[in-house]
Amino acid sequence: MAPKTKKSPQKKHKKKAKQTALDTEEEEAMNMESMGHPEIYPLVITTKTQEIFSCRAEEDMTDEQQYKLIRKEDILADLLNRAAVSDFHPVKRIVREYPGEELLLVYDKDFKYGHNFYLVGTEEGKENYFKALEVPEEQEELKDHAQEVYIYKPPVSKPWISFGSEKEIEEESVKESKKRVTYMISRKRSEFGAPVFFHDQNASRIKDAYTECPSYEDKNYVLTQVEKDVGLQVIPDIKGTSTQTKWAFPKNATTQYYAREFPELEREALLQSKSLADFLGNVSTSVEIGLQQNEIMNTFVDDWKNLAQEESTFGDKTDTHLKEYQSFTDLHSTMEKMITCVSWHPTIHGLIVVSVAVRLSYEERVHFSGKLLLQPSLILFWSFSDPIHPQLMLESPDDIFCFEFCPSDPNIIAGGCINGQIVLWDITAHVDNIENIKSGGSRTKKPTLKPMFLLEPDSNKEAMYIRHCAVSSIENGHRKVITDIHWLPDSFEINRMGSVFENRNGISCQLVTCSADCTICFWDIRPQKPASAAAAAPTSTGPGTATADTSNTQQAVPEKKKEETIQVPFDVPSTFTHLDLAWKPLSRIKLSKGDTNLDHCPTKLSLGEDPLLCRVQGTSSMHILLKEKMLNQIRTLKAAEIYPYQNLEAGMANTLKPIDDFCTKFFVGTEEGEVIYTDWKMERDSETGRFMPKKPVNLYTVHDGAVHTIQRSPFYNDIVLTVGGWNVAIWKEEVMTGPLLQTCCAPKRYTAGHWSLTRPGVFYIGREDGYVDIWDLLEKTHEPTQSQNICITMITYIKPWTFSSKQQFIAIADYYGTLHILEIPWTLSHPSFNEVSSVNYYFEREVKHLEYVQQRKTIREQEKTDMALELARKKAKVYQKTREVMEAELRLEFENYLDLEKSILFSLGLSKDTEKVSTWI
């Protein structure tokens, strides 16, 4: 007997989906009655069915021949053969109940009823269709012309013509099946008009009254109950009551009065009285305590509402998935591009910026280099109000792989190119245009986001291209693609040796970049001091006193060669003209591997946060403080019409105050999957006397692929998330024993990651198959809480954004150049009351666990050493034997010899002493 074949889940799923589609078509066919056409049933006739019934579209069925009569028997046979696969399955009941022999099938070319064909299900509908075809077009034109000139014709009575509807009316009419019971109530004439009083009475005691017929048990008839089905449900007792006050006729009334005041003499007597003094003395303490309590805590907090929020965060699991809100795609580019970096505008709500690059390998770029020169490399500004046309386009010399807004002025943008150059843009002249998009010209603080389907994009809108202000020198910059770029905070600045000094300007003027050429560079956007000034400056007080590397000494700004001098276009700001094609790094760091000549290749880096900022735990996280600080600075500068980057001072001063207790260590991720904890501050080499980068403090090989995400937690400055290869790791600064958390190997390679902005225990990880893994450390630490599919290709970047206290979005970019904007649900955006302390306790517990593991390793190594020494001691120990032991051993050996001698003699036949021999044998 052949084994039964088991259907695959895919076939079952397809069959179920097809059955659902057929049921939906049947419901649509049945609902045509509500549209005014009960006899018409739209159908989807496939090509196979068209060939079977010879009703092929545009061949058998054309504009001249739009209908075909199909025999009822043929349709029933098709239903019998193909069952639910038949296209007539949604109307099988109509076909079986059809009184005629042929059904009318009409070709609906214009999809007037939703599908390409429709079936007429009644004979009257078929006759009406043919009558409509018989009316000539000329008569319809005359009829239309006659309808234009309306002539009143009085109605003329006509004899009634019956079409058999009386039978239907008679069947639907209500008729009395029983004779009516008539009652006559009378009373005496003298009682006419008197009030009537109703009361209960016993009918059996009053004559001519009614007689009750109560039920009784008939003993002659017995019914045995065989089965009984009883359903019970426990519900609370509910009682509904309502009251209503008596409404009176409303009146408009006003009252005006003046406060009663004491006379002057009486007022003075009361103020000087002892009773008032005693009263104020008694209540003053209570009033002061009440005022202090009002200042310490908010008495108007809704505790019930806070409890509901906490319960919804952990208990309600119905809404945990990311919801698609909007998407952006560049439809004007002729080349296939991917998104390399995403950033939300720091101050303008609803504006998101992305950088795109051509999806080509190195060999393909070389092959299509001529074609790539004709394609502009852009950074696109997308707005929620127009998902089709970018608001701004920033041009660059080559594809941008990373960029960042300036913390002091978001109108200044720095980006890193694939050719190793740094590009600066200044969009100050265009910021008013992008701020006034949503309000139609009037500036608003917080515009409301609108869905894309409610807006009509302007098809005639011209693209606004903005050229860069400055670009770094090709000869003195990076040799390969820049993989990461960061602005240094405005609270400090560094010199060539990496020493940290105070920043008196109060604006960010330095950047740090890392590249695939194994270097990390620090850049300064201010004009460099002339060589004469640098030589004349005192060497004992300035931060440049330890400058020993003469090859990197800053000189006067080099004059551009005549052939390189290019006139600046009128539409390009002159903010950074002094840097264009002459910008060199302030210092350069190489991460050496030690004994070999090779260096580590950095891909991402993470600097420490500003230690001078006040850290506020709880709902006010660090990114909110930085954002408020930025907004306040921008408002102040705009109010005073001051642009700090227009007139930058020359380089670093020699009298700046150094910051001694500043932590100059930072994390670096490499292409080999290594996480390096190193120091950017240089040290003097004892052999050569030159300043060299320090050796890495620690190096961990945790990831099995290139590290593409290193990010500090917005809630804990010393917690760092790293993503690379097929796993994720969480680190704690100054903990040298290893990561606090290291996940197991994932089914697909991880390509992007980011912390949650509002929940300290949540982070998002993107994969190469288009899925996003959502981790929640409060629920699970060994696997993601949930995985959600976003697209069909690799996710290249993840960037969340908080729009308001009730709404949060996350931007997810993919390899095909589409930017997906998704709304984060309530459970993933609102933390619990003590989530910050709970996650912090988890990290502290993991630190103690690592310390315990390290201690156990030390103890085990010591135990192994002790066991090896004990074993060697036992081998080398010489046992001293006593005289009695030695004599006993010799005696035993002699007796064994005698026994052996006797056995040999007996075997040779030379001895007859068999007793000893047998005993020995």
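Cut-off values and rules
Residues numbered from 1 in each chain as written. Predicted model: local features only at pLDDT ≥ 70, side-chain atom pairs only at ≥ 80, totals over all residues. Heavy atoms only, no water. Helix = DSSP H or I, 4+ residues; strand = E, 2+ residues; numbered from the N terminus. Buried < 20%, exposed > 50% of the residue type's maximum accessible area, 1.4 Å probe, protein only. Contact = heavy atoms within 4.5 Å. Areas by Shrake-Rupley, 256 points an atom, 1.4 Å probe, with all protein chains shown as cover. Pairing = 2+ DSSP bridges. Salt bridge = Lys/Arg side-chain N within 4 Å of Asp/Glu carboxyl O. Patch = residues over 30% accessible without salt bridge, like charges linked within 9 Å, V, L, I, M, F, W, Y side chains within 5 Å. pLDDT = per-residue confidence, 0-100. Core = buried A, V, L, I, M, F, W, Y, C linked by side-chain atoms within 4.5 Å.

What about the overall build of the protein?
Then, in step 1: Each helix and strand counted, the protein has 19 helices and 37 strands in total.
Then, in step 2: Burial analysis of the protein (921 residues in total) assigns 36% to the buried set.
Then, in step 3: Looking at the protein alone, contacts between residues at least 24 apart form 64% of all its contacts between residues at least 6 apart.
Then, in step 4: In the form shown here, the protein has an accessible surface area of approximately 61200 Å², with 54% of it arising from carbon and sulfur atoms.

Describing the pairing of strand E31 (residues 750–755)
Then, in step 1: The element E31 is largely enclosed, with a buried count of six among its six residues.
Then, in step 2: Pairing between E31 and strand E32 (residues 762–767): five bridges, direction antiparallel. Residue pairing across strands places His754 opposite Tyr764, the latter belonging to E32.
Then, in step 3: Count of turn residues in the E31/E32 antiparallel hairpin: six residues.

Thoughts on the pattern of salt bridges
Then, in step 1: Tallied over the full model, the rule gives 23 salt bridges.
Then, in step 2: For Arg56, the salt bridge identified is with Glu59, shortest N-O distance 3.3 Å.
Then, in step 3: Through salt bridges with shared partners, a single network forms among Arg56, Glu59 and Asp60.

Quick notes on a nonpolar patch on the surface
Then, in step 1: Residues Leu900, Ile904, Leu905, Leu908 and Leu910 make up a contiguous nonpolar surface patch of about 480 Å² in total accessible area.
Then, in step 2: For Leu905, a relative accessible area of 32% puts it in the partly exposed group.

Examining the confidence of the model for the protein
In regions of low pLDDT, the predicted coordinates are not meant to be interpreted in detail.
Then, in step 1: Per-residue pLDDT for the protein averages 77, and the proportion of residues at 70 or more is 76%.
Then, in step 2: The spread of mean pLDDT over the elements of the protein runs between helix H14 (residues 531–536), the lowest at 42, and E32, the highest at 94.
Then, in step 3: For the stretch residues 309–317, pLDDT sits under 50, and the model shows 16 contacts to residues farther than four places along the chain or on other chains.
Then, in step 4: This model gives residues 438–460 a pLDDT under 50, and the stretch forms 41 contacts once residues within four places in sequence are excluded.

Side note on the nonpolar core
Then, in step 1: Core analysis: the biggest nonpolar cluster contains 23 residues, and Ile730, Phe763 and Phe843 have the highest contact counts within it.
Then, in step 2: Residue assignment for this core shows that the elements contributing at least two residues are strand E28 (719–724), strand E29 (727–732), E31, E32 and helix H17 (835–876).
Then, in step 3: With six residues, H17 is the single largest residue contributor to this core.
Then, in step 4: Setting aside its immediate chain neighbours within four residues, Ile730 contacts Ile719, Val720, Leu721, Pro739, Leu740, Leu741, Trp755, Phe763, Leu777 and Phe843.
Then, in step 5: Membership of the second largest hydrophobic core comes to 22 residues, among which are Cys402, Cys469, Ala470 and Tyr645.

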